[in-house]
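Take a look at the letters that make up each chain.
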Amino acid sequence: MQGELAAQAEWDYAPAPESRDIVSIAPEYGLFIDGEFVPAADGRQFATLNPATEEPLAQVADAGEADVDRAVAAARAAYERVWGPMPGAERAKYLYRIARLLQERSREFAVLESLDNGKPIKESRDVDIPLAAAHFFYHAGWADKLEHAGFGPSPRPLGVAGQVIPWNFPLLMAAWKLAPALAAGNTCVLKPAETTPLSALLLAEVCQQAGLPPGVLNVTTGAGSTGAALVSHPGVDKIAFTGSTEVGKEIQRAVAGTGKRLTLELGGKAANIVFDDAPVEGAVEGIVNGIFFNQGHVCCAGSRLLVQESVADAVLGRLRDRLGTLRLGDPLDKNTDIGAINSRQQLDKIRALSDAGEAEGAERWSPPCQLPDRGYWFPPTLFTGVSQSHRIAQEEIFGPVLSVLTFRTPDEAVAKANNTPYGLSAGVWTEKGSRILWMAQRLRAGVVWANTYNRFDPTSPFGGYRESGFGREGGRHGLAAYLNA
Ligand code: TAP
């Protein structure tokens with residue numbers, strides 16, 4: 001008993017909250033148009049909340065059609081007069097400056113991102129912000145080398161890019177969109193997600209600080225209708241969208257026949273496949289990282305675990321033990337592994353799909369876990385006894401919910417992994433290099449990770465096919481989406 005108590009005491013963590021004093025959140029934010037923060041033409045605003053407490057953080061301007069029109073006009077003027085004609089080596093200087101400012105102000109960005117999104121500070125601090133800076137550094141390096149990048153002797157920018165992003169990695173998605181577009185000489189109008197506008201607005205402030213010429217970046221905050229106004233604006237040459245497959249299809253219809261260039265980064269339902277020869281501890285860490293990183297709000301999340309039948313009990317036993325050690329709670333606590341769900345709407349979706357999993361006969365399990373009284377929370381959840389026809393095996397839950405299926409042979413693993421309309425990512429856990437290559441050739445996914453999961457790098461193209469969209473972000477391939485070669 002005493003030993004038990006000692007073991008218990010050893011695993012109790014004292015609170016280690018990051019201070020929020022480094023961030024000063026204004027009561028109100030304007031749109032960022034032509035280098036200045038301005039109110040919406042009709043004065044409309046919406047509130048952005050801290051999803052961990054439901055406390056309102058700020059009122060943010062809600063851009064309507066007139067504001068989008070102004071932003072596109074500012075972007076067009078900046079493209080024609082300043083940014084388009086500017087030599088790449090000069091554009092690069094601004095991108096390097098933005099990258100360095102992101103690093104200098106990284107703690108501020110990390111705290112703000114965790115407050116507005118609900119993600120654990122250790123993830124915003126160690127993943128989102130450093131990767132966002134890395135994207136600006138990487139693309140700054142391309143700005144003066146485009147004629148040597150294999151796109152012909154004088155690749156040209158497209159013009160004005162309209163970019164619409166989701167709430168799961170607000171700053172990082174902005175960086176994925178803006179850095180290649182600006183490096184290639186385009187100007188941008190960015191529409192952040194309604195529930196997470198604050199880090200994009202702080203990035204706009206950083207651009208002011210870096211002396212970026214007015215109009216090169218414009219940020220029009222608002223809801224889906226603001227995104228729709230941007231997508232259908234005739235003054236935009238290229239649309240880049242990251243978000244749900246449903247909205248992606250709407251956008252594709254809106255853009256059809258207009259001559260606008262389009263890239264779509266959409267949803268996923270990735271298989272994380274564990275073979276019987278995989279080192280179990282490593283695989284369990286990869287499974288946890290695959291689905292519980294960022295509360296499972298990850299397009300490429302390993303949301304379907306395919307485990308070889310002969311090791312299923314052993315892997316699931318270790319996995320349950322590991323889930324029992326995850327700490328859910330205050331996103332600003334440096335020990336927190338699982339933060340808040342980003343919105344009430346997303347929480348309702350996760351609950352509905354999890355209830356459907358139970359109703360269809362799968363077995364639901366979560367470790368003992370105290371959920372805070374206020375805010376939006378969902379415990380790490382495992383479903384076993386899942387069959388391929390279950391909704392939880394087919395639909396993207398976009399939450400901390402793992403559906404477990406088993407397989408006997410590599411062929412069966414491939415067949416089950418590919419049994420989805422999506423095609424974004426997959427994971428393979430095995431000791432054999434030859435098996436990794438065999439699997440990678442057969443898995444219909446844009447990214448296949450081997451003995452790791454959720455690894456991102458600006459040099460590496462990322463994207464999917466089928467219902468996960470088309471086009472690539474990152475690397476040389478990502479640049480191609482912003483150039484007329
Ligand atoms: P969506 O509802 O599709 O929203 C994405 C963005 O589009 C938001 O800014 C949204 O504004 C805006 N929007 C909504 N309706 C629109 C319309 N009719 N026209 C133009 N814009 C519109 O997705 P979400 O729920 O925010 O994000 C989750 C989804 O994104 C998941 O399916 C996930 O897999 C996917 N995702 C994919 C990737 C990649 S790289 N493939 C990366 C991250 C996320 P509001 O926020 O105001 O509604």
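Reading guide: rules and limits
- Residues numbered from 1 in each chain as written.
- Predicted model: local features only at pLDDT ≥ 70, side-chain atom pairs only at ≥ 80, totals over all residues.
- Heavy atoms only, no water.
- Helix = DSSP H or I, 4+ residues; strand = E, 2+ residues; numbered from the N terminus.
- Rg over C-alpha atoms; globule rule 2.2 N^0.38 Å.
- Buried < 20%, exposed > 50% of the residue type's maximum accessible area, 1.4 Å probe, protein only.
- Contact = heavy atoms within 4.5 Å.
- Areas by Shrake-Rupley, 256 points an atom, 1.4 Å probe, with all protein chains shown as cover.
- Lys, Arg positive; Asp, Glu negative; His and termini not counted.
- Charge placed at Lys NZ, Arg CZ, Asp CG, Glu CD.
- Core = buried A, V, L, I, M, F, W, Y, C linked by side-chain atoms within 4.5 Å.
- Near = heavy atom within 4 Å.
- Polar contact = N/O pair within 3.5 Å; in protein donor to acceptor, adjacent residues only side chain to side chain.
- Nonpolar A, V, L, I, M, F, W, Y, C, P; charged D, E, K, R; others polar.
- 1 Å grid on protein atoms, 1.4 Å probe; cavity = no way out; pocket = protein on both sides within 12 Å on 5 of 7 lines; lining within 4 Å.
- Points joined across faces, edges and corners; volume = space filled by probe spheres on them.
- Axes fitted to C-alpha atoms, helices over the stretch in contact; angles between N-to-C directions.
- Parallel < 35°, antiparallel > 145°, perpendicular 65-115°, else oblique.
- Left-handed = near helix turned anticlockwise from the far one by under 90°.
- Salt bridge = Lys/Arg side-chain N within 4 Å of Asp/Glu carboxyl O.
- Pairing = 2+ DSSP bridges.
- Arc of directions from axis to C-beta.

Chemist: Residues and numbers for the overall build of the chain, please.
Modeler: The helix and strand tally for the chain stands at 16 helices and 20 strands. Scaling as 2.2 N^0.38, a compact globule of 485 residues should have a C-alpha radius of gyration of about 23 Å, and the chain matches this with 22 Å. Considered along the principal axes of its C-alpha atoms, the chain spans approximately 70 × 50 × 35 Å. Within the chain, buried positions represent 59% of all 485 residues. A sequence separation of at least 24 residues applies to 76% of the contacts in the chain between residues at least 6 apart. On the chain, roughly 18,900 Å² of surface is accessible, and the fraction owed to carbon and sulfur atoms is 51%. The average position of the 46 basic charges and that of the 56 acidic charges among the side chains of the chain differ by 6 Å.

Chemist: Can you break down the nonpolar core residue by residue, with the values?
Modeler: In this structure, Ile98 and Leu319 are the most contacted members of the largest nonpolar core, which totals 108 residues. Looking at this core, the element that brings in the most residues is helix α6 (residues 170–183), giving 11 residues. Not counting residues within four places of it along the chain, the set of residues in contact with Leu319 comprises Val284, Ile287, Val288, Leu305, Leu382 and Leu402. If you look at the next biggest cluster of nonpolar residues, it comprises 27 residues, including Leu347, Val386, Ile397 and Phe407.

Chemist: Account for the site of the ligand, naming residues and giving values.
Modeler: Around the ligand sit 29 residues in total, of which Ile165, Lys191, Ser244, Leu266 and Glu396 are the nearest. Contacts to the ligand include Gly243, whose backbone N or O atom sits 3.2 Å from an oxygen atom. When the free accessible area of the ligand is taken as 910 Å², the share hidden by the protein chains comes to 88%. Those elements that place two or more of their residues in the shell around the ligand are α8 (224–232), β10 (238–242) and α9 (245–255). Here the residues of the shell around the ligand are counted per class, giving 16 nonpolar, 8 polar and 5 charged.

Chemist: Can you tell me about empty space enclosed by the protein, naming the residues and giving the values?
Modeler: Under the defined criterion, the tally for this structure stands at 2 cavities of 30 Å³ or more. Looking at the largest cavity, its volume works out to about 90 Å³. Around the largest cavity sit 16 residues that line it, and Arg304, Ala417, Thr420, Ser425 and Arg444 are the ones nearest its centre. Of the pockets and cavities examined, the second largest cavity occupies roughly 50 Å³. Gly268, Ile291, Gly296, Val298, Cys299, Ala301, Ser303, Glu396, Ile397, Phe398 and Gly399 are the residues that line the second largest cavity. Taken together, the residues that form the lining of the second largest cavity break down as 6 nonpolar, 4 polar and 1 charged.

Chemist: Lay out the packing of helix α4 (residues 106–117) against helix α5 (residues 121–142) in plain terms, naming residues and giving numbers.
Modeler: Following both chains from N to C, one finds α4 and α5 inclined at 125°, their axes separated by 9 Å at the closest point. Judged by the angle between their axes, α4 and α5 are oblique. Taken as a pair, α4 and α5 cross one another with a handedness that is right-handed. Residues Ser106, Phe109, Ala110, Val111, Glu113 and Ser114 of α4 form the contact with α5, whose own contacting residues are Ile121, Ser124, Arg125 and Ile129.

Chemist: Tell me about the pattern of salt bridges, residues and numbers included.
Modeler: Two side chains bearing opposite charge may form a pair once their charged atoms approach each other closely. Counted under the stated rule, the structure contains 24 salt bridges. Close ionic contact of Arg105 with Glu205 constitutes a salt bridge, the shortest N to O distance being 3.0 Å. Here Arg105, found in the loop between α3 (88–104) and α4, pairs with Glu205, found in helix α7 (residues 198–209); they are 100 residues apart in sequence, far enough to count as distant. Using a relative accessible area of 14% as the deciding quantity, one classes Arg105 as buried. We note a salt bridge from Arg364 to Asp355, for which the minimum N-O separation is 3.3 Å. When its relative accessible area of 44% is taken as the criterion, Asp355 is described as partly exposed. Taken together, the salt bridges that share partners define one network made up of Arg105, Glu108 and Glu205.

Chemist: Please set out the pairing of β10 residue by residue, giving values where relevant.
Modeler: The buried count for β10 comes to 5 of 5 residues, which makes it a mostly enclosed element. What you see with β10 is no split at all: Lys238, Ala240 and Thr242 on one side and Ile239 and Phe241 on the other are buried throughout. Pairing of strand β7 (residues 160–164) with β10 involves 4 bridges; the strand directions are parallel. Within the sheet, the bridge partner assigned to Gly162 lies in β10 and is Ile239.

Chemist: Would you mind going over helix α2 (residues 65–83) in detail, with residue names and values included?
Modeler: Turn by turn, an α-helix covers 3.6 residues, leaving residues three or four places apart pointing in a common direction. Among the residues making up α2, those that are buried are Asp67, Val68, Ala71, Val72, Ala74, Ala75, Ala78, Tyr79 and Trp83. Buried residues of α2, viewed axially, fall in a sector of 160°; they line one side. Turned more than 90 degrees away from the buried face of α2 sit Glu65, Glu80 and Arg81, all of them exposed.

Chemist: Explain the environment of Trp365 residue by residue, including any values.
Modeler: Note that Trp365 resides in strand β14 (residues 363–365). Relative accessible area serves as the criterion here: at 26%, Trp365 is assigned to the partly exposed category. Sequence separation of Trp365 and Leu424 is 59 residues, and the distance between their C-alpha atoms is 27 Å. Not counting residues up to four positions away in its chain, the partners in contact with Trp365 are Arg320, Leu323, Pro380, Thr381 and Leu382.

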